[in-house]
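Each chain, letter by letter, is given below.
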Amino acid sequence: PECYYVADGGALLWSCNWKKNELFGNIYKKYIRKCKELLVNTVVFDGYQMSTKDGTHHSRSGKIFQTVEIRDDNPCLSDQNEFLTNYTNKQLFVTLCEKLKEQGFEVVLCPCDANTTIVKAALEKENEAVTGLADDTDVLHLHLSLVYFTYHNTNIYIT
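The following paragraphs examine the structure supplied in this document. On a predicted model such as this, the values are computed, not experimentally measured, just so you know.

**Observations regarding the overall build of the protein chain**
From N to C terminus, the protein chain includes 8 helices and 4 strands. Along the protein chain, helices and strands appear, N-terminal first, in the series β-α-α-β-α-α-α-α-β-α-β-α. By the burial criterion, 37% of the 159 residues in the protein chain qualify as buried. Accessible surface, the protein chain as shown: approximately 9700 Å² in total, 51% of it carbon and sulfur.

Laid out in structure tokens, this is it:
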């Protein structure tokens, strides 16, 4: 049977490698190829908007790297790791959503955290096999909870 694939956009960001001075247009192409290879149907991104997690995000990054203007013909002035540790760059890089939409992928941009939206997207495919592609244990816990509550005929509400 065919399977519907829902990918965590945060995990996707780390799934392709790029080097310093690579053009953003080429970087975007790597992500598009990766989504096609993984047979992704829907990508769910965190919105990276202001939230109570901002202090944690900034403290985890350790260093602050310059914020860059993201355009297809601009080079990325840092390597991938440095670029993605700058929270503002990560917010701006969500322009990848538009590139994916242009290629026919469904893209969901959540206001804050994507975990529950990934599970909701899977639930909406009632009679289809669904695979969630994520590297976040929270997503796994949500899926396991759904299996438990479904098995025990308990109502589930995800908001």
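**Some words on unusual backbone geometry**
Here N21, not a glycine, exhibits a phi torsion of approximately 75°, which is positive. Given a relative accessible area of 48%, N21 falls into the partly exposed group. Phi is positive for L39, close to 60°, though the residue is something other than glycine. Locating L39 in the fold gives a position in the loop between α2 (24-37) and β2 (42-45). With a relative accessible area of 53%, L39 lands in the exposed category.

**Some details on the nonpolar core**
The biggest cluster of nonpolar side chains holds 26 residues, and the ones touching the most others in it are F24, F45, F83, F93 and L100. Judged by nonpolar contacts, the second largest core, of 7 residues, contains V44, C110, A114 and A121.

**Here's the deal with the packing of aromatic side chains**
Under the definition given, this model contains 8 aromatic pairs. On the basis of an interplanar angle of 70° and a centroid distance of 5.8 Å, the ring pair of W18 and F83 is categorised as edge-to-face. Here F83 lies in helix α4 (residues 80-85) and W18 lies in the loop between α1 (9-13) and α2, a separation of 65 residues in the sequence. Using a relative accessible area of 5% as the deciding quantity, one classes W18 as buried. Judged by centre distance (5.8 Å) and plane angle (65°), the rings of Y31 and F93 are edge-to-face.

**Concerning the side chain of T42**
For T42, the location among the structural elements is in strand β2. Within the local environment of T42, its side chain forms a polar contact with the side chain of E106, the two groups lying 3.0 Å apart. Here T42 is in contact with Y4, Y5, V6, A7, E106 and V108, once residues within four sequence places are set aside.

About the criteria used
- Residues numbered from 1 in each chain as written.
- Predicted model: local features only at pLDDT ≥ 70, side-chain atom pairs only at ≥ 80, totals over all residues.
- Heavy atoms only, no water.
- Helix = DSSP H or I, 4+ residues; strand = E, 2+ residues; numbered from the N terminus.
- Buried < 20%, exposed > 50% of the residue type's maximum accessible area, 1.4 Å probe, protein only.
- Areas by Shrake-Rupley, 256 points an atom, 1.4 Å probe, with all protein chains shown as cover.
- Core = buried A, V, L, I, M, F, W, Y, C linked by side-chain atoms within 4.5 Å.
- Phe/Tyr/Trp six-rings, centres within 6.5 Å; stacked < 30°, edge-to-face > 60°.
- Polar contact = N/O pair within 3.5 Å; in protein donor to acceptor, adjacent residues only side chain to side chain.
- Contact = heavy atoms within 4.5 Å.

All we've got here are geometric facts, nothing functional implied.
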